[in-house]
Amino acid sequence: MIEGQTLQPGGEDSEMTSTRRELRDVKAALDEHSIVAITNAEGSITYANEKFCQISGYSRSELLGQNHRILNSGHHPRSFFVDLWKTISRGRIWRGEIVNRSKSGTLYWVETTIVPFLDESGRPVQYVSIRTDVSWRKQLEREILEASERERQRIGRDLHDGLGQRLTALELCAQGLVETVSGLSAPAGQSLRALAKHLREAVVQTRQLSHGLSPVSLEVGGLVHALLKLAESTVSLTQVQCQLVSSDIESLPDPSAASHLYRIAQEAVANALKHAQPQRIVISLNQKRDRLVMEISDNGKGFMQSTGSSVGMGLRVMRYRASLFGGELQVKTSPGRGTRIICTAPLPQ
């Protein structure tokens, strides 16, 4: 017998022990950092680590055997989870952010990766979900966006109530001097008329800037009025046809969601004007059951969604805004066929 052979079984045992120790260490590190859950092919929870129990407020015994619907916050539309399930059931990894609701009713954001484990035929047998709590980041992002919105509104009010009023006063003063000066000097009268005309144009532009910065009234119907003004200002400033089409709407989103919806429409219109060279833009607002549907469509040149252009950045901003109020944003476009941006928002119950 070769001497080395007598040590081989022990060597294999040692290697196996070392591998198990490494796996335990990796699991311990993962459990320390992440929220980990395992579900079977039907979606029932078969494993939940301690961090999952802590953040959800449920004990392990309360979670095991349950579906992840136990954590459903109602923030995401049904189509969000339909897309998620289609992705992982086809054996593909899903990545995204989800808002869950704890046992106590507290909402929390998790950055999520779901990895399907497949059998020999390529069908999922279980799913491993690894999540990171990003509630603090989402709260900070929301606060920054809200602070930015407040500053926009402040500047808009200052433009309207401050600069706009001063320009109006100067315009009236110039018009008052026209008659007086015209009798003494015709050229001077013409210059004053030209000055009054320029001041009037400056007043109009100041008001348009003011409405763009602070558009959504807190009164009922403020969103519809703001979108109508957006369409009108687009026509007056660019000569591109732009109209608002709105059906009867029983209720409107809260002021914060209305403000985000307006900014989404404003960004969509600006992107169309900058990149698509459209002849016509239509903003539509409709209600479908318990959700508001806003669509901005143009007949421009469209684009490839895979391109990393500034249009892509605009779309990311719009999607982020939509996520803040539980909305969903879809983009339907292709070269030469125009673009449709559809945003749905939950309505107050």
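As shown above, the structure is provided for reference.
The model shown is predicted, which means the values in this text are computed figures rather than measured ones.

A. Quick peek at the overall build of the chain. On a plain count of helices and strands, the chain comes out with 9 helices and 10 strands. Taking 20 Å as the expected radius of gyration for a compact globule of 349 residues, we find that the chain reaches 29 Å, considerably beyond that expectation. Along the first, second and third principal axes, the C-alpha atoms of the chain reach 125 × 45 × 40 Å. Sequence separation of 24 or more characterises 57% of the internal contacts of the chain that already satisfy a separation of 6 or more. Entry remark: accessible area of the chain is about 20500 Å², with carbon and sulfur atoms responsible for 54%. Positive and negative side-chain charges in the chain, numbering 42 and 37 respectively, have mean positions lying 6 Å apart.

B. Representation of the packing of helix α5 (residues 135-182) against helix α8 (residues 255-276) within the structure. Orientation of α5 relative to α8, taken along the N-to-C sense of each, is 80 degrees, at an axis distance of 12 Å. The angle between the axes of α5 and α8 places the two elements in the roughly perpendicular class. On the side of α5, the interface is formed by Leu-145, Glu-149 and Arg-152, while α8 contributes Ser-259, His-260, Arg-263 and Gln-266. When grouped by side-chain class, the residues that make up the contact of α5 with α8 number 1 nonpolar, 3 polar and 3 charged.

C. Geometry of the packing of aromatic side chains. If you walk through the whole model with that rule in mind, you get 3 aromatic pairs. Seen from their ring centres, Phe-80 and Phe-81 are 5.1 Å apart, and the 85 degrees between their planes marks the pair as edge-to-face. Among the aromatic residues, those joined into a cluster by ring pairs are Phe-80, Phe-81 and Trp-94. The ring of Trp-109 carries the charged tip of Lys-138 above its face, separated from the ring centre by 4.3 Å.

D. The sheet that holds strand β8 (residues 291-298), seen in detail. Pairing is mixed in the open sheet, where 5 strands are placed in the order β6-β7-β8-β10-β9. This sheet does not close on itself; its edge strands, each paired only once, are β6 (241-246) and β9 (328-333). Taking each pair of neighbouring strands and ignoring which way they run, the sheet shows an average axis angle of 10 degrees. Sheet analysis places β6 next to strand β7 (residues 280-288), joined by 6 bridges and oriented parallel. Residue Leu-244 lies in a different strand from β7, and its bridge partner there is Ile-283. The sheet strands contacting α8 are β7, β8, β9 and β10 (339-346), and the helix crosses β8 at an angle near 15 degrees.

E. How the structure looks around helix α7 (residues 222-238). Look at α7: 24 Å from first C-alpha to last across 17 residues, which is about the 24 Å you get at 1.5 Å a residue. Its buried side turned inward, α7 meets β6, α8, β7 and β8. Phi turns positive, to about 70 degrees, at Gln-239, one or two residues after α7.

F. Representation of the pairing of strand β5 (residues 124-133) within the structure. Direction of pairing for strand β1 (residues 35-40) relative to β5: antiparallel, over a ladder of 6 bridges. Across the sheet, residue Ala-37 finds its bridge partner in β5, namely Ser-129. In this structure, strand β4 (residues 107-118) lies alongside β5, joined through 9 bridges in antiparallel fashion. Across the sheet, Ile-114 pairs through a bridge with Ser-129, a residue of β5. The loop that links β4 with its antiparallel partner β5 comprises 5 residues; one of these, Gly-122, has a positive phi angle of about 90 degrees.

G. Quick look at the nonpolar core. Residues Leu-227 and Met-294 are the most contacted members of the largest nonpolar core, which totals 34 residues. For this core, the secondary-structure elements that each account for two or more residues are α7, β6, α8, β7, β8, α9 (310-324), β9 and β10. Among the elements that make up this core, the one with the highest residue count is α8 (9 residues). Setting aside residues no more than four positions away along its own chain, Met-294 makes contact with Leu-227, Leu-261, Ile-264, Ala-265, Ser-284, Leu-285, Ile-341, Ile-342 and Cys-343.

H. Looking closely at the side chain of His-76. Its place among the elements puts His-76 in the loop between α3 (60-63) and α4 (78-89). With relative accessibility at 13%, the residue His-76 sits in the buried group. Looking at His-76, its side chain comes within polar contact range of the main-chain nitrogen of Val-99, at 2.9 Å. Here His-76 is in contact with Phe-81, Glu-97, Ile-98 and Val-99, once residues within four sequence places are set aside.

Rules used in this analysis
- Just so you know, the residues in each chain are numbered from 1, in the order the chain's sequence is written.
- Under the rules for a predicted model, residues below a pLDDT of 70 receive no local features and side-chain atom pairs below 80 are neither given nor counted, while totals for whole chains, interfaces and linings still include all residues.
- With hydrogens and water set aside, each side-chain value is computed from the structure's full complement of heavy atoms.
- Here a helix means four or more residues in a row that DSSP labels H or I, a strand means two or more in a row labelled E, and each is numbered from the N terminus.
- When we talk radius of gyration, it's over C-alpha atoms, and the globule rule is simply 2.2 Å times the number of residues to the 0.38.
- Contacts were defined at the residue level, with two residues in contact if any of their heavy atoms lie within 4.5 Å.
- All accessible areas in this document rest on Shrake-Rupley with a 1.4 Å probe, and a residue is counted as covered only by the protein chains that are shown.
- The convention is simple: Lys and Arg are positive, Asp and Glu are negative, and His and the chain ends are not counted.
- Where a charge lies is defined by one atom per residue type, namely NZ (Lys), CZ (Arg), CG (Asp) and CD (Glu).
- Note on method: axes are straight lines fitted to C-alpha atoms, helices fitted across the in-contact stretch only, with angles between N-to-C directions ranging 0 to 180 degrees.
- Angles are sorted into four bins: roughly parallel if under 35 degrees, roughly antiparallel if over 145, roughly perpendicular if 65 to 115, and oblique for all others.
- Residues are sorted three ways: Asp, Glu, Lys and Arg are charged, Ala, Val, Leu, Ile, Met, Phe, Trp, Tyr, Cys and Pro are nonpolar, and all the rest, Gly among them, are polar.
- Working definition: rings of Phe, Tyr and Trp (its six-membered ring) pair if their centres are within 6.5 Å, and the pair is stacked with planes under 30 degrees apart, edge-to-face with planes over 60 apart, and tilted otherwise.
- Both a distance and an angle decide whether a charge sits over a ring: NZ of Lys or CZ of Arg must be within 6 Å of the ring centre and within 35 degrees of the ring normal.
- Strand pairing requires that DSSP identify at least two bridges connecting the strands.
- One less than the number of residues in a helix, times 1.5 Å, gives the span that helix is expected to have.
- Take the buried residues of types Ala, Val, Leu, Ile, Met, Phe, Trp, Tyr and Cys, join any two whose side-chain atoms come within 4.5 Å, and each joined set is a nonpolar core.
- Residue exposure (1.4 Å probe, protein chains only): buried if accessible area is under 20% of the type maximum, exposed if over 50%, otherwise partly exposed.
- Polar contacts here mean pairs of N or O atoms no more than 3.5 Å apart (in protein, one a potential hydrogen donor and the other a potential acceptor; neighbouring residues in sequence count only if both atoms are side-chain atoms).

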